[in-house]
Amino acid sequence: MSSTAGQVIKCKAAVAWEAGKPLVIEEVEVAPPQAGEVRLKILFTSLCHTDVYFWEAKGQTPLFPRIFGHEAGGIVESVGEGVTHLKPGDQALPVFTGECGDCPHCKSEESNMCDLLRINTDRGVMLNDNKSRFSINGQPINHFVGTSTFSEYTVVHAGCVAKINPDAPLDKVCILSCGICTGLGATVNVAKPKPGSSVAIFGLGAVGLAAAEGARISGASRIIGVDLVSSRFELAKKFGVNEFVNPKDHDKPVQQVIAELTNGGVDRAVECTGSYQAMISAFECVHDGWGTAVLVGVPNKDDAFKTHPMNFLNERTLKGTFYGNYKPRTDLPNVVEKYMKGELELEKFITHTVPFSEINKAFDYMLKGESIRCIIRMEE
């Protein structure tokens, strides 16, 4: 065990005290892991749009003070009672969802939606005792989606920690903890395009670009990017996108535009925007008889999906996915290996790198639309 096992660790963390206000680097106390938990030393973390969304506290229950962050890579510092798949010194990725191994979802080959460890954005404490492992002068600081990686040390449920290749560069593979796997898996695990097929990607943000990367890896010959911002099209070429459609450039529904371009519709469509209009378009633009559309984006709670039942009767398929259908502990190590073998390119997703002391710059880059992924280097 490490020399700090069982002890409270004092370290730096970026604390969000109020919604929309700059994060403040504070000295926090991080308690030891309890049963079924792991304490990680975070070496690299990344900023995802989900962090920004909950930091802004628009449309959800605010929970402050809080330590955000959920895409990261680090080293296991110590483990709690009962943890057997991890040991101090292991290189690992924490994930916002988990794999308990015992529930019906974890035992199913088809699902990754663990009953125990599925994402809960409203919870700011650990499952074990409903208490935080972070504090400042005795004041508890809330966790975020069970990870809170904007801290030099964090405590995570062991079922949400994937042990990975010790030679994998954490400043690259850390981005697999959320958005990249979500988009990649939506294509390779759920849409499953065949070599030579056509795929439409709705939304060319980080998740959409990862979905395009999945289409490229799968051997799709036509990858059509659909986005309202034409400036995104040039960048998307790096991810295999070879045709572009901006719905604003046409006076007919984009699904009709795509159907005309592809002689009846694309073989697969992946929706990565959260717009219910885009979801309808993605479903209705796939070819009858065999077309499949996969929904990835998270809609507004009041949205409704409307399409004619004949679209289903004409043998189109509609699917949804969560974290790309990847089981974190079982599957994430294999995704890392794809990168190590050169089958998956991660460098092109990383647009910026900043030291931990300048973490607010990462928020600025994303708010300005300049960043796909900004890596935050914890050790300066």
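Cut-offs used in this document
- Residues numbered from 1 in each chain as written.
- Predicted model: local features only at pLDDT ≥ 70, side-chain atom pairs only at ≥ 80, totals over all residues.
- Heavy atoms only, no water.
- Axes fitted to C-alpha atoms, helices over the stretch in contact; angles between N-to-C directions.
- Helix = DSSP H or I, 4+ residues; strand = E, 2+ residues; numbered from the N terminus.
- Parallel < 35°, antiparallel > 145°, perpendicular 65-115°, else oblique.
- Left-handed = near helix turned anticlockwise from the far one by under 90°.
- Contact = heavy atoms within 4.5 Å.
- Phe/Tyr/Trp six-rings, centres within 6.5 Å; stacked < 30°, edge-to-face > 60°.
- Buried < 20%, exposed > 50% of the residue type's maximum accessible area, 1.4 Å probe, protein only.

At a closest axis distance of 7 Å, the pairing of helix α4 (residues 179–191) and helix α5 (residues 206–218) adopts a crossing angle of 40°. It follows from the interaxial angle that α4 and α5 lie oblique. Between α4 and α5 lies a crossing whose hand is right-handed. In this structure, α4 contributes Gly-179, Ile-180, Thr-182, Gly-183, Leu-184, Thr-187 and Val-188 to the contact, and α5 contributes Ala-206, Val-207, Ala-210, Ala-211, Glu-213, Gly-214, Ala-215, Ile-217 and Ser-218.

Turning next to the packing of aromatic side chains. The tally for this structure, following the rule as stated, stands at 13 aromatic pairs. Relative to Phe-305, the ring of Phe-283 has its centre 6.3 Å away and its plane inclined at 55°; by these criteria the two rings are tilted. Of this pair, Phe-283 sits in helix α8 (residues 276–284) while Phe-305 sits in the loop between β14 (292–295) and α9 (310–313), placing them 22 residues apart in sequence. Three or more aromatic residues joined by ring pairs form one cluster here, namely Tyr-53, Phe-54, Phe-64, Phe-68 and Phe-144.

Quick look at the side chain of Ser-46 now. Structurally, Ser-46 can be placed in strand β3 (residues 37–46). Ser-46 sits in the buried class, given a relative accessible area of 0%. With residues near it in sequence (within four places) discarded, Ser-46 still touches Asp-51, Glu-71, Phe-150, Cys-174, Ile-175, Arg-373, Cys-374 and Ile-375.

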